[in-house]
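The lines below spell out each chain.
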Amino acid sequence: MLPNFLLPEQVVRQNGSGPKIEIGDSAGDVISLTLGIHRTIEQQSLDLSISGSVDGENWGDKPLAAFPQKFYCGVYSLIVDLSDRPDVRFLRVDWKVSRWGRGEPTPLFGLYVFAEAVGQGVLGAAR
């Protein structure tokens, strides 16, 4: 159910996926996603996407949405319109991290992802 954390605050050091979150009555709505990055080190990148599923088991080949690649701390927002995918009942965060340069080769990001339904009116007002 939304609003909810798709990914609770945590530190990630390798590629992974978050838990599946049922969106309940928000199926077919416009969803606002907030990515918060509160910890990072230099010379690394984060690619974060949102996958959708009808049954919570099959996630398809392509994500529903993706944030642009991130390198720095900050709070970032993304609007996802699920009106053309009313069958989607579950969301999941997937991420890939990369690090280059000197020092420790393992990436480190402290982050969270929060989702809330904003309704169709918000999308219409933005057009």
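The structure this text deals with has already been given above.
Residues numbered from 1 in each chain as written. Predicted model: local features only at pLDDT ≥ 70, side-chain atom pairs only at ≥ 80, totals over all residues. Heavy atoms only, no water.

## Considerations on the environment of Pro86
For step 1, the next point in the chain: Relative to the helices and strands, Pro86 resides in the loop between strand E7 (74-81) and strand E8 (90-99).
For step 2, the next point in the chain: Along the primary structure Pro86 and Ser26 are separated by 60 residues, whereas in three dimensions their C-alpha atoms are 9.1 Å apart.
For step 3, the next point in the chain: In contact with Pro86, other than residues within four places in its own chain, are Ala27 and Gly28. (Helix = DSSP H or I, 4+ residues; strand = E, 2+ residues; numbered from the N terminus. Contact = heavy atoms within 4.5 Å.)

## Overview of unusual backbone geometry
For step 1, the next point in the chain: Of note, Gln43 is a non-glycine position whose phi angle comes to about 60°, a positive value.
For step 2, the next point in the chain: Within the secondary structure layout, Gln43 lies in the loop between strand E4 (30-40) and strand E5 (44-53).
For step 3, the next point in the chain: A residue is classified by how much of its surface remains accessible, and Gln43, at 34% relative accessible area, is partly exposed. (Buried < 20%, exposed > 50% of the residue type's maximum accessible area, 1.4 Å probe, protein only.)

## Here's the deal with empty space enclosed by the protein
For step 1, the next point in the chain: Evaluation of the coordinates by the stated rule reveals one cavity of 30 Å³ or more.
For step 2, the next point in the chain: By volume, the largest cavity amounts to about 40 Å³.
For step 3, the next point in the chain: Of the residues assigned to the lining of the largest cavity, the class counts are eight nonpolar, no polar and no charged. (1 Å grid on protein atoms, 1.4 Å probe; cavity = no way out; pocket = protein on both sides within 12 Å on 5 of 7 lines; lining within 4 Å. Points joined across faces, edges and corners; volume = space filled by probe spheres on them. Nonpolar A, V, L, I, M, F, W, Y, C, P; charged D, E, K, R; others polar.)

## Let's talk about the packing of aromatic side chains
For step 1, the next point in the chain: Scanning the model with the defined rule gives four aromatic pairs in all.
For step 2, the next point in the chain: Ring geometry for Phe5 against Phe114: centres 5.0 Å apart, planes inclined by 70°, an arrangement best described as edge-to-face. Taken as a pair, Phe5 in strand E1 (residues 4-12) and Phe114 in strand E9 (residues 109-117) lie far apart in primary sequence, 109 residues in all.
For step 3, the next point in the chain: Between Phe71 and Trp100, the ring centres sit 6.4 Å apart and the planes meet at 80°, which makes this aromatic pair edge-to-face. (Phe/Tyr/Trp six-rings, centres within 6.5 Å; stacked < 30°, edge-to-face > 60°.)

## Details of the sheet that holds E1
For step 1, the next point in the chain: Strand order in the open sheet formed by four strands is E1-E9-E4-E7, and the pairing between neighbours is antiparallel. At either margin of the open sheet sits one strand with a lone partner, and together these are E1 and E7. Across this sheet, the average inter-strand angle for adjacent strands is 15°, counted without regard to direction.
For step 2, the next point in the chain: Inspection of the sheet shows E4 paired to E9 by nine bridges, in the antiparallel sense. Paired with Ile31 across the bridge in E9 is Ala117. (Pairing = 2+ DSSP bridges. Axes fitted to C-alpha atoms, helices over the stretch in contact; angles between N-to-C directions.)

## Notes on the nonpolar core
Soluble, globular proteins show a tendency: their nonpolar side chains are buried together.
For step 1, the next point in the chain: By size, the foremost hydrophobic cluster in this structure holds 29 residues, and its most contacted members are Leu6, Leu33 and Leu48.
For step 2, the next point in the chain: Elements with a minimum of two residues in this core: E1, E4, E5, E7, E8 and E9.
For step 3, the next point in the chain: Residues contacting Leu33, with those up to four places away along its chain left out, are Leu6, Ile50, Phe67, Tyr76, Ser77, Leu78, Val80, Phe114 and Ala115. (Core = buried A, V, L, I, M, F, W, Y, C linked by side-chain atoms within 4.5 Å.)

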